[in-house]
Amino acid sequence: MCGIVGYTGPKEAYPIVITGLKRLEYRGYDSTGVALLNNGLKVYKKKGRVADLEESILGKDLHAHTGIGHTRWATHGEPSDTNAHPHVSTSGKLAMIHNGIIENYAQLKKELTNKGYTFKSETDTEVLLNFIEEIRKNNQCDLEEAVRVALKRVSGAYVILLVDEDNPDTIIAARKGSPLVIGVGKGEHFLGSDASPMLEYTKEVVYVNDYELAIVRPDELILKNLGNEKITPFVTKLDMELAAIEKGGYDHFMLKEIFEQPSTIHDCLRGRLDALAGTITMSGVENNIEHFKKAPRIIIIACGTSWHAGLVAEYIIEELCRIPVEVEYASEFRYRNPVINKGDIIIAISQSGETADTLVAIEKAKEQGAIIFGIVNVVGSSIARLSNGGAYTHAGMEIGVASTKAFTGQLAVLTMVALKIAREKGTISEERYRNLLLELQDVPEKVEALLKNADEIRLIAEKYKDAKDALFLGRGYNFPIALEGALKLKEISYIHAEGYPAAEMKHGPIALVDENLPVVFVATKDSYHEKIVSNIQEIKARKGMVIAIATEGDETIPGLADDVFFVPPADEIIAPMLSCIPLQLLSYYMGVAKGVDVDKPRNLAKSVTVE
Ligand code: M6R
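Residues numbered from 1 in each chain as written. Predicted model: local features only at pLDDT ≥ 70, side-chain atom pairs only at ≥ 80, totals over all residues. Heavy atoms only, no water.

### A closer look at the pattern of salt bridges
Okay, so step 1: Evaluated as defined, the whole model comprises 40 salt bridges.
Okay, so step 2: A salt bridge links Arg23 to Glu200, with the shortest nitrogen-to-oxygen separation between them at 2.7 Å. One end of the pair, Arg23, is in helix α1 (residues 13-24); the other, Glu200, is in the loop between β10 (189-192) and β11 (204-207), and 177 residues separate them in sequence.
Okay, so step 3: The salt bridge partner of Lys446 is Glu439, with a shortest N-O separation of 3.8 Å. (Salt bridge = Lys/Arg side-chain N within 4 Å of Asp/Glu carboxyl O. Helix = DSSP H or I, 4+ residues; strand = E, 2+ residues; numbered from the N terminus.)

Shown next as structure tokens:
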């Protein structure tokens, strides 16, 4: 969480930093701040969004050629002007921004307090900054050396950007566990949590690795490890355009991203799936195919929406590949003592590729000899780099805090992975394999067709927007979609929602049903259809209000449900990629109807880079 930006070069730094912060606001939006170097150090910071800061410093002298900026998701200390970054050191000469958590900050704070230091904020960042300053003073060394010494004492995760008023054209940056991208321009450098702040200026970027330190000047980028050895920066070409981070005429990024799904799923399948030839090309699977074929077990680790994609995959892989699958919350897996046997494969799923719990869980599994297959959206992200193999979802940049197009991309990739392994293992008939390839190929078109009726969902959302609670039920492949629908509704509309397997309803949740409770059934035509129709009847018998996602042509459900949204027919393995979309729309329209800032719902951040 938290977004960081930096610039040093001949241009005005402030407009670059402030625009960059607006693009990174999805990473946290509790407070904002900038530090500018021009005849000394100037720091402006404020509780609230980037726009609040911008307004509050109108008319100030913001001229500078070096600057850093921060948008915060609060960890240590409530959102306030004082706790906002940048923090300034006791001498008043250094300013620092930080993304991550310094776990041993209390110990460091005690040491500094004993030496007479006092602190203005409650943050771990101010402690680390003064710790660096103390080392510089005590060891009589330069700032770079002080940072190196300090970071060797630090446990936790960080990206820091540090400026010194005595060296006004230099930014010192370091990372461990949180992302840092450096854009290389002509006589200028850009820094960011991702590449969005630098998109219009350069396509050449360096992804900084853990335990690396960067000394960044307008015409110089020096990369070193914590042992003070130089590292040659590896420059990669960015494959992203400015349009990818603009709303493109939509009211919100979330809506834009929902409507992008025909093309993002198409991009995900493109170059991989050839239904006519009957082939799926995925080098990440091909390179590990013998491991997959022999795998005694697959363990899927992920968080949130990505975890739901993992649950769908559990059904698909077990059905098609006959490999036992376990799906684990990364946050639980990392603290358990999990049994990982020789040959087990870990599939790690993450949109951002930076989720702290997933990252640590991968590291833990790797230590125990597991092979890691990453399914990630953000190219070059930490999880992508930590994996032994994998496949990108190619959904493009997802900015709305609610994950939508990344989810359908994950489902598409996981389905292809399962089909490929099944074919290699001989656990799928040629006919079923070919049919599923054709079905997959048709998904973008079917998504496009159902999106044409989005307005029907808007009307349903307006009808139920005042509900206090909601229940989402599904069976089989659609059970994880019910969980996903409930998660979306919670985060985007703040309506309390629960997802359950429809059959579990009788074991407790049915007690909630009355004439005020909307119950959303994900009830597309599949092998569980008759059973779920019975479940709908059970809810109606108790006066619950039923909203059903059904398959076009279904004649039973319209006679039972209060409201129905139809999706095109599809094989039950493919259906989740369709049935999830009306639920994304339902939460979006309910959020909008309730006046929620759907792209930035309260308390959330897009990438959860702290545990
Ligand atoms: O980037 P990741 O896929 O690893 O993120 C995992 C979750 O934080 C994420 O899916 C979260 O649950 C979303 N806000 C859901 O919409």
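Moving on, there is more to tell.
### So, empty space enclosed by the protein
Okay, so step 1: Evaluated as defined, the whole model comprises one cavity of 30 Å³ or more.
Okay, so step 2: As a volume, the largest cavity reaches approximately 70 Å³.
Okay, so step 3: At the level of secondary structure, the elements contributing two or more residues to the lining of the largest cavity comprise β6 (94-102) and α4 (124-139).
Okay, so step 4: Of all the elements, β6 adds the most residues to the lining of the largest cavity, at three residues.
Okay, so step 5: Class assignment of the residues belonging to the lining of the largest cavity gives a composition of two nonpolar, eight polar and two charged. (1 Å grid on protein atoms, 1.4 Å probe; cavity = no way out; pocket = protein on both sides within 12 Å on 5 of 7 lines; lining within 4 Å. Points joined across faces, edges and corners; volume = space filled by probe spheres on them. Nonpolar A, V, L, I, M, F, W, Y, C, P; charged D, E, K, R; others polar.)

### Digging into the environment of Lys230
Okay, so step 1: Structurally, Lys230 can be placed in strand β14 (residues 230-231).
Okay, so step 2: Its relative accessible area of 64% is what places Lys230 among the exposed residues.
Okay, so step 3: Spatially, the C-alpha atoms of Lys230 and Tyr211 are 12 Å apart, while their sequence positions differ by 19 residues.
Okay, so step 4: Not counting residues within four places of it along the chain, the set of residues in contact with Lys230 comprises Ile222, Leu223 and Lys224. (Buried < 20%, exposed > 50% of the residue type's maximum accessible area, 1.4 Å probe, protein only. Contact = heavy atoms within 4.5 Å.)

### Quick notes on the sheet that holds strand β26 (residues 545-551)
Okay, so step 1: The parallel open sheet is built from five strands, whose spatial order is β24-β23-β25-β26-β27. Every other strand in the sheet has two partners, leaving β24 (496-501) and β27 (563-567) as the edge strands with one partner each. Strand after strand, the sheet turns through a mean of 20° between neighbouring axes, direction not considered.
Okay, so step 2: As paired elements, strand β25 (residues 518-522) and β26 share five bridges and run parallel to each other. (Pairing = 2+ DSSP bridges. Axes fitted to C-alpha atoms, helices over the stretch in contact; angles between N-to-C directions.)

### Some remarks on the site of the ligand
Okay, so step 1: In the vicinity of the ligand there are 14 residues, among which Ser306, Ser350, Ser352, Thr355 and Glu491 approach most closely.
Okay, so step 2: For the ligand, an oxygen atom lies 2.4 Å from a polar atom in the side chain of Thr355.
Okay, so step 3: Within the side chain of Glu491, an N or O atom sits 2.4 Å from an oxygen atom of the ligand.
Okay, so step 4: Notes on the ligand: free accessible area 410 Å², of which the protein chains cover 92%. (Near = heavy atom within 4 Å. Polar contact = N/O pair within 3.5 Å; in protein donor to acceptor, adjacent residues only side chain to side chain. Areas by Shrake-Rupley, 256 points an atom, 1.4 Å probe, with all protein chains shown as cover.)

### Looking at the domain arrangement of the chain
Okay, so step 1: Assigned domains of the chain: these are domain 1 (3-244), domain 2 (249-441) and domain 3 (452-601).
Okay, so step 2: Relative to domain 3, the C-alpha centre of domain 2 lies at a distance of 25 Å.
Okay, so step 3: Facing 32 residues of domain 2, the contacting portion of domain 3 comprises 30 residues.
Okay, so step 4: Both faces considered, domain 2 and domain 3 share a buried interface measuring about 2,600 Å² in area, 71% of it formed by carbon and sulfur atoms.
Okay, so step 5: Applying the counting criterion to the domain 2 and domain 3 interface returns one salt bridge.
Okay, so step 6: One salt bridge connects Asp571 with Arg432, and the closest N-O pair in it is separated by 2.8 Å.
Okay, so step 7: Where domain 2 packs against domain 3, one counts twelve residue pairs in polar contact (both at pLDDT 80 or more).
Okay, so step 8: Put simply, the parts of the chain that give the side of domain 2 that touches domain 3 at least two residues each are α6 (253-259), α10 (304-321), α14 (405-425) and α15 (430-451).
Okay, so step 9: Considering every element that reaches the side of domain 2 that touches domain 3, the biggest residue donor is α10, with ten residues.
Okay, so step 10: Across the side of domain 2 that touches domain 3, the residue classes tally to 18 nonpolar, ten polar and four charged. (Domains from an automatic or database assignment. Buried area = accessible area lost by both parts, 1.4 Å probe.)

### As for the pairing of strand β8 (residues 171-176)
Okay, so step 1: Most of β8 is tucked away: five of the six residues are buried.
Okay, so step 2: Where strand β7 (residues 156-164) and β8 come together, five bridges link them in antiparallel fashion. Across the sheet, Leu162 pairs through a bridge with Ile172, a residue of β8.
Okay, so step 3: Here β7 folds back onto β8 in antiparallel fashion, the turn holding six residues.
Okay, so step 4: Bridge count between β8 and strand β12 (residues 212-217): five bridges; the pairing is antiparallel. Bridging from a neighbouring strand, Ala173 pairs with Ala214 of β12.

### A look at the packing of aromatic side chains
Okay, so step 1: Scanning all chains against the criterion turns up seven aromatic pairs.
Okay, so step 2: With centroids separated by 5.0 Å and ring planes inclined at 10°, the aromatic side chains of Phe190 and Tyr201 adopt a geometry described as stacked. Here the residue Phe190 occupies a position in strand β10, and Tyr201 occupies one in the loop between β10 and β11, the gap between them amounting to eleven residues.
Okay, so step 3: Judged by relative accessible area, Phe190 falls into the buried class, the value being 2%.
Okay, so step 4: Every member of this aromatic cluster is reached through a ring pair, and the members are Tyr7, Phe190 and Tyr201.
Okay, so step 5: The ring of Tyr494 carries the charged tip of Arg602 above its face, separated from the ring centre by 3.7 Å. (Phe/Tyr/Trp six-rings, centres within 6.5 Å; stacked < 30°, edge-to-face > 60°. Lys NZ or Arg CZ within 6 Å of the ring centre and 35° of its normal.)

### Observations regarding the layout of surface pockets
Okay, so step 1: Its volume calculated, the largest pocket comes out at about 960 Å³.
Okay, so step 2: Every residue lining the largest pocket is counted, 40 residues in all, and those nearest its centre are Met240, Asn377, Val379, Gly396 and Met397.
Okay, so step 3: At the level of elements, β15 (235-237) and α7 (261-269) are the ones that each hand at least two residues to the lining of the largest pocket.
Okay, so step 4: For the lining of the largest pocket, the leading source of residues is α7, giving three residues.
Okay, so step 5: Taken together, the residues that form the lining of the largest pocket break down as 13 nonpolar, twelve polar and 15 charged.
Okay, so step 6: Each of domain 1 (3-244) and domain 2 (249-441) accounts for three or more of the residues forming the lining of the largest pocket.
Okay, so step 7: Lining the second largest pocket are 31 residues, with Gly304, Glu491, Ala605, Lys606 and Val608 sitting closest to its centre.
Okay, so step 8: Put simply, the parts of the chain that give the lining of the second largest pocket at least two residues each are α10, β20 (345-350), α12 (356-367) and α17 (479-493).
Okay, so step 9: Examining the composition of the lining of the second largest pocket, we find that four residues originate from one element, α17, more than from any other.

### Here's the deal with the sheet that holds strand β21 (residues 371-376)
Okay, so step 1: In spatial order, the strands read β19-β18-β20-β21-β22; together these five strands make up an open sheet with parallel pairing. Since the sheet does not close on itself, it has two edges, and those belong to β19 (325-329) and β22 (389-392), each with one partner. For this sheet, the mean angle separating the axes of adjacent strands, direction not counted, is 20°.
Okay, so step 2: When strand β18 (residues 298-302) meets β20, the two strands line up parallel, connected through four bridges. The partner of Ile301 across the bridge, within β20, is Ala348.
Okay, so step 3: Packed onto the sheet, α10 meets β18, β19 and β20 and runs at close to 175° relative to β19.
Okay, so step 4: Along the sheet, α14 makes contact with β20, β21 and β22, crossing β20 at roughly 160°.

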